[in-house]
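Single-letter residue listing:
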Protein chains: 2
Amino acid sequence: MPHIKLPEGLQGIRGPMAFRPQTAKPLNELAEALLHAPNSLPQADRELIATYVSSLNDCYFCQTVHGSIAAACMNDDQGIVRQVKLDFTRADISKKLKALLVIAGKVQKDGKLVTAEDIAAAREHGATDVEIHDAVLIAAAFCMFNRYVDGLDTWQPKDEELYRERGKKTAREGYVTMSREYLPVD
Amino acid sequence: MPHIKLPEGLQGIRGPMAFRPQTAKPLNELAEALLHAPNSLPQADRELIATYVSSLNDCYFCQTVHGSIAAACMNDDQGIVRQVKLDFTRADISKKLKALLVIAGKVQKDGKLVTAEDIAAAREHGATDVEIHDAVLIAAAFCMFNRYVDGLDTWQPKDEELYRERGKKTAREGYVTMSREYLPVD
C-alpha cells in the first residue's frame, strides 16, 4: 500500500503524478524532452539507458515500463532489453550506445566517477556533446524517477503484459500526451 | 574542465542548462514547484532537505547553493545549515523537519528503504501527505541534480562567498526568474 493516499487504480508514477499535478507537469516535460523529442540518439537507445539505470536501481515499475517502450521501438524485441539489463557489453547494440551505457552506469552510482577516458571512448564511437549530455541527464533523471516511485511505495502490479500495450502507445505518443489521461489539461 | 564544451563563465548547473535549454526549462520549473512555490512546508525547510541530500551525495555546488538559499530564508543563519549537514538530529529545527530528513536520507540511498514507521513518525509531528510527497520528491530530485552537475564535471568554484549573494536573490526570486539570466525567454 502506498505510503500516502494516492488516487486509486493508477500504476507506479501515475499515482503521485495525479496526486500532485504541479510537479507532474515539469516531470512529464522532462521525460518528453529527454526520451521522446527528436534527437540524433535513437528513441530506443534513450529508452534503453533509462531501462538500464532503472534496473541498476532495482525499480520494477520503471525498468518494466521503459523496457516495454524500448522494445516497442525495436519491433518488440524483448531479447535486446533483457540482454542490456543482464550484460550490455554482449548485447546487439551499437558501440556508441555501449560507451554511453558505461557513462550512465557510473552516473547511477556517483557523477564524479565519470572519467575523461569514458567521455573520449564515447566520442570515438561518434557520440556528440549533446548525446553525452543527454545520456548523463537521462541516467541522473532515472535516479530521481526510481526513488520517487519506490520512495512512496506506489502500486506496481507484477504482470509484464500489462506494460506491453501501454509501452507501444507511449513510444508513439510520448509522455506529455499520455499524461492527459490523469492530469488536468492546462 | 567540464566533460563537454559548455558556455563559459556559468557555475555548476547553469553551464549545462544554458547548453541545453530544452531540458533546462522543465528542470527549473520542477525546482520552482518544489522549493519556491507557496507550500505549507517553509521554504527554509525545503531548501534544507535539498542541502542535506546534496551533502550526502557529496555535491559541492548543490549543497553550497542550496545551503546559501536555506540560510537566506533564516536571517542568514549558516550555523543551522552546517548542523543539519553534520548531524540534523541535534539541529535547532522542528521535529517534523527531522522526521522528513530521516525519510529524505533513506530516499537518497534507495526509495525502498522508507518504512511505514518513518511515515507514521512524520505524521505524528504534523506532516501532511503533500509534505511527505514533497520531501520524497525533493530528495529524489537532488539525486538527479547532484549527478547532473557532477557527471558533466561542471565548473564549481570553491569560494562560499560567491554563493551567498546569489542565494539571497534566488531565495527571493525563485528558479524560473533566475534562469532568465542564461536561458532564452519563451
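Up top is the structure these notes are about.
All figures in this text were calculated on a predicted structure; none of them were measured in a lab.

The rules behind these values
- Residues numbered from 1 in each chain as written.
- Chains lettered and ligands numbered in written order.
- Predicted model: local features only at pLDDT ≥ 70, side-chain atom pairs only at ≥ 80, totals over all residues.
- Heavy atoms only, no water.
- Helix = DSSP H or I, 4+ residues; strand = E, 2+ residues; numbered from the N terminus.
- Rg over C-alpha atoms; globule rule 2.2 N^0.38 Å.
- Buried < 20%, exposed > 50% of the residue type's maximum accessible area, 1.4 Å probe, protein only.
- Contact = heavy atoms within 4.5 Å.
- Lys, Arg positive; Asp, Glu negative; His and termini not counted.
- Charge placed at Lys NZ, Arg CZ, Asp CG, Glu CD.
- Least-squares fit on C-alpha atoms with pLDDT ≥ 70 in both.
- Disulfide = S-S within 2.5 Å.

Along its length, chain A carries ten helices and zero strands. Start at the N end of chain A and walk to the C end: the helices and strands fall as α-α-α-α-α-α-α-α-α-α. In terms of C-alpha radius of gyration, chain A reaches 16 Å, essentially the compact-globule figure of 16 Å for 186 residues. Counting only C-alpha atoms and orienting by the principal axes, one finds that chain A spans roughly 50 × 35 × 30 Å. In chain A, buried positions account for 60% of the 186 residues. If you take every contact in chain A between residues at least 6 apart in sequence, the share linking residues at least 24 apart comes to 68%. Counting 23 positive and 26 negative side-chain charges, chain A places the centres of these two groups 1 Å from one another.

Overlaying chain B with chain A gives an RMSD of 0.0 Å, the required rotation being 180° about an axis along which the chain moves by 0.0 Å. Those values place the two copies in the arrangement expected of a two-fold rotation axis. In terms of proximity to the rotation axis, the leading residue of chain B is B:P26, whose C-alpha is 2.3 Å off the axis. Mapped onto chain A, 100% of the interface residues of chain B again fall at the interface, so both copies present the same surface.

All right, on to the state of the cysteines then. Residue and element names in this part refer to chain B. In this structure the tally under the stated criterion is zero disulfides over all chains. Unpaired in terms of disulfides, C59 finds its nearest cysteine sulfur in C62, a separation of 3.6 Å. On the basis of relative accessibility, which here comes to 0%, the residue C59 falls in the buried class. Looking at the unpaired C73, the closest cysteine sulfur is the one in C62, lying at 16 Å. The exposure class of C73 is partly exposed, given its relative accessible area of 27%.

Our focus in this paragraph is the environment of B:M1. Mapping B:M1 onto the fold places it in the segment before helix 1 (14-19). Expressed as a C-alpha distance, the spacing of B:M1 and B:W155, which sit 154 residues apart in the sequence, is 6.9 Å.

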